[in-house]
Amino acid sequence: MASLSLKHIYKKYPGNVTAVSDFCLEVKDKEFIIFVGPSGCGKSTTLRMIAGLEEITEGELFIGDRLVNDVAPKDRDIAMVFQNYALYPHMTVFDNMAFGLKLRKTPKEEIKRRVEEAARVLDITHLLDRRPKALSGGQKQRVALGRAIVRNPKVFLLDEPLSNLDAKLRAAMRTELTKIHKRVGTTFVYVTHDQVEAMTMATRIVVMKDGLIQQVDTPQNLYDQPVNLFVAGFIGTPQMNFINATLEKKGESAYVTFGANSIKLPAEKGNNPALKDYFGKEVIVGIRPECIHDEPMYLTSLADSVIEANVEVTELMGAEIYLYLVSEEQNMVARVSARSTTRAGDTVKIALDASRIHIFDKDTERCIVH
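Draft legend 1. A look at the overall build of the chain. The number of helices and strands found in the chain is 10 helices and 21 strands. Principal axes of the C-alpha set define a box for the chain whose edges measure 80 × 45 × 35 Å. The buried share of the chain, reckoned over its 370 residues, is 51%. Counting contacts in the chain only where the partners sit at least 6 residues apart, residues at least 24 apart contribute 66% of the total. Carbon and sulfur atoms form 49% of the exposed surface of the chain, whose accessible area is close to 17,500 Å². Separation between the mean location of the 48 positive side-chain charges and that of the 48 negative ones in the chain comes to 9 Å.

Draft legend 2. Spotlight on the packing of helix α2 (residues 93-103) against helix α3 (residues 108-122). Two elements in contact, α2 and α3, have axes whose closest approach is 10 Å; the angle formed by their N-to-C orientations is 135 degrees. In terms of orientation, α2 and α3 fall into the oblique class. Of the two possible hands of crossing, α2 and α3 adopt the one that is right-handed. Where α2 approaches α3, its residues Phe 94, Met 97, Ala 98, Leu 101 and Lys 102 are matched on the opposing element by Ile 111, Lys 112, Arg 114, Val 115, Ala 118 and Ala 119. Here the contact of α2 with α3 is composed, by residue class, of eight nonpolar, no polar and three charged.

Draft legend 3. Representation of the nonpolar core in the model. Counting residues in hydrophobic clusters, the biggest one holds 46 residues, and the most contacted among them are Met 97, Leu 145, Leu 158, Tyr 190 and Val 207. Beyond its immediate sequence surroundings of up to four residues, Val 207 is in contact with Val 36, Leu 212, Ile 213, Gln 214, Gln 215, Leu 222, Phe 230, Val 231 and Ile 235. Ranked by size, the runner-up nonpolar core spans 32 residues in total, among them Ile 263, Tyr 278, Val 283 and Val 336.

Draft legend 4. Representation of the environment of Thr 92 in the model. Inspection of the secondary structure puts Thr 92 in the loop between β6 (78-81) and α2. Taking relative accessible area as the criterion, Thr 92 reaches 15% and is therefore assigned buried. Thr 92 sits 142 residues away from Phe 234 along the chain, and the two C-alpha atoms are 41 Å apart. Contact partners of Thr 92, with chain neighbours within four places excluded, come to Leu 128, Asp 129, Arg 130 and Arg 131. Of note is the side chain of Thr 92, whose polar atom sits 3.2 Å from the backbone nitrogen of Asp 95.

Draft legend 5. Looking closely at helix α5 (residues 167-184). Between its first and last C-alpha atoms α5 spans 25 Å; for 18 residues at 1.5 Å apiece the expected length is 26 Å, and the two agree. Where α5 is concerned, the buried positions are Arg 170, Met 173, Arg 174, Glu 176, Leu 177, Thr 178, Ile 180 and His 181. On its buried face, α5 is in contact with β3 (32-36), α3, α4 (137-149), β7 (155-159), β8 (187-192) and α6 (195-201). Backbone geometry just downstream of α5 places Gly 185 in the positive-phi region, at approximately 65 degrees.

Draft legend 6. How the structure looks around the pairing of strand β10 (residues 212-217). Bridge count between strand β9 (residues 204-209) and β10: five bridges; the pairing is antiparallel. Residue pairing for β10: Val 207 is matched across the bridge by Gln 215. Connecting the antiparallel pair β9 and β10 is a turn made up of two residues, with Asp 210 showing a positive phi of about 50 degrees.

Draft legend 7. Here's a closer look at the sheet that holds strand β19 (residues 347-352). In space, the five strands of this open sheet follow the order β15-β19-β16-β17-β18, with antiparallel pairing throughout. Looking at the sheet topology across the chains shown, the edges are occupied by β15 (292-293) and β18 (330-337). Here β15 runs beside β19; their pairing, made up of two bridges, is antiparallel. Following the sheet pairing, His 293 is matched in β19 by Ala 351.

Definitions and limits used
Residues numbered from 1 in each chain as written. Predicted model: local features only at pLDDT ≥ 70, side-chain atom pairs only at ≥ 80, totals over all residues. Heavy atoms only, no water. Helix = DSSP H or I, 4+ residues; strand = E, 2+ residues; numbered from the N terminus. Buried < 20%, exposed > 50% of the residue type's maximum accessible area, 1.4 Å probe, protein only. Contact = heavy atoms within 4.5 Å. Areas by Shrake-Rupley, 256 points an atom, 1.4 Å probe, with all protein chains shown as cover. Lys, Arg positive; Asp, Glu negative; His and termini not counted. Charge placed at Lys NZ, Arg CZ, Asp CG, Glu CD. Axes fitted to C-alpha atoms, helices over the stretch in contact; angles between N-to-C directions. Parallel < 35°, antiparallel > 145°, perpendicular 65-115°, else oblique. Left-handed = near helix turned anticlockwise from the far one by under 90°. Nonpolar A, V, L, I, M, F, W, Y, C, P; charged D, E, K, R; others polar. Core = buried A, V, L, I, M, F, W, Y, C linked by side-chain atoms within 4.5 Å. Polar contact = N/O pair within 3.5 Å; in protein donor to acceptor, adjacent residues only side chain to side chain. Expected span 1.5 Å × (residues − 1). Pairing = 2+ DSSP bridges.

Written as structure tokens, this is what we have:
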């Protein structure tokens, strides 16, 4: 088992194209780290540099205590699981899983023991005699994982391994991968553009944009304390609402105002020293959909932050309803109880939980106050 250390890693291509900039990360032994971000943000390139499939332009990469910049991929003691599974169609599941061990001249008995153990962990023992064309997408995914597990690598690298599966199977495989990580007890580095995968599986998430790390933190901290607008908008479904507003001081209290709407901030938030230079200026207010309420109890308890809004669309999601709202030309989404009687075309009063408001600097997009 091994830790992983990336120190000031850069990847530059000809024509002055920088895919990854100043990437610094310490991955602890047995962590489940997920790189997440939009297409083209550099997450797969970083994973391929760890694997040795891409050359590092600048910086140092350590697996355990060993500098591996110039070590060939086969000698790095890592295993990679690709998006397309890359199984050999003419081989049985057993032979696919055993292939890498055979190349290393591992004794037959040891190969059999390792393959059967991995198959048991992955619940594919009954598939060992089949060929890939007779397998479902989820089964192929498990075989690809099994081929990696039998090698007992120090680090597992997974590049969007669930993206070819349907929604139901993806949800099931997310749970399976988390269980496999616990059973195998190895460091996992996983790449995805799906923030639900990141939030449900990772011990820590690395959010990337344009080749730069935006924030590295636990899923809960990313959700509750995003460092900037990008992270706040990327993590969470539906995404955080952003409202252009002005920060104002009225007597001892602080308010955010937009149009005729004025929302009083709780004292601990309004008196935060970080806000003192922003009074009278435009800011961006962020609030998550579940912090906007239409139930009478909230309209009473959050009376200082009740506003009026028009309901454009409602989406019944089963256990909850998404309300698409407009207030003073600002669009918002509220995530309310399935018991809500609010319907499209209604004009309703809604309460914003001001204690859960985030305030962002309009120019730098950094979060000023959570």
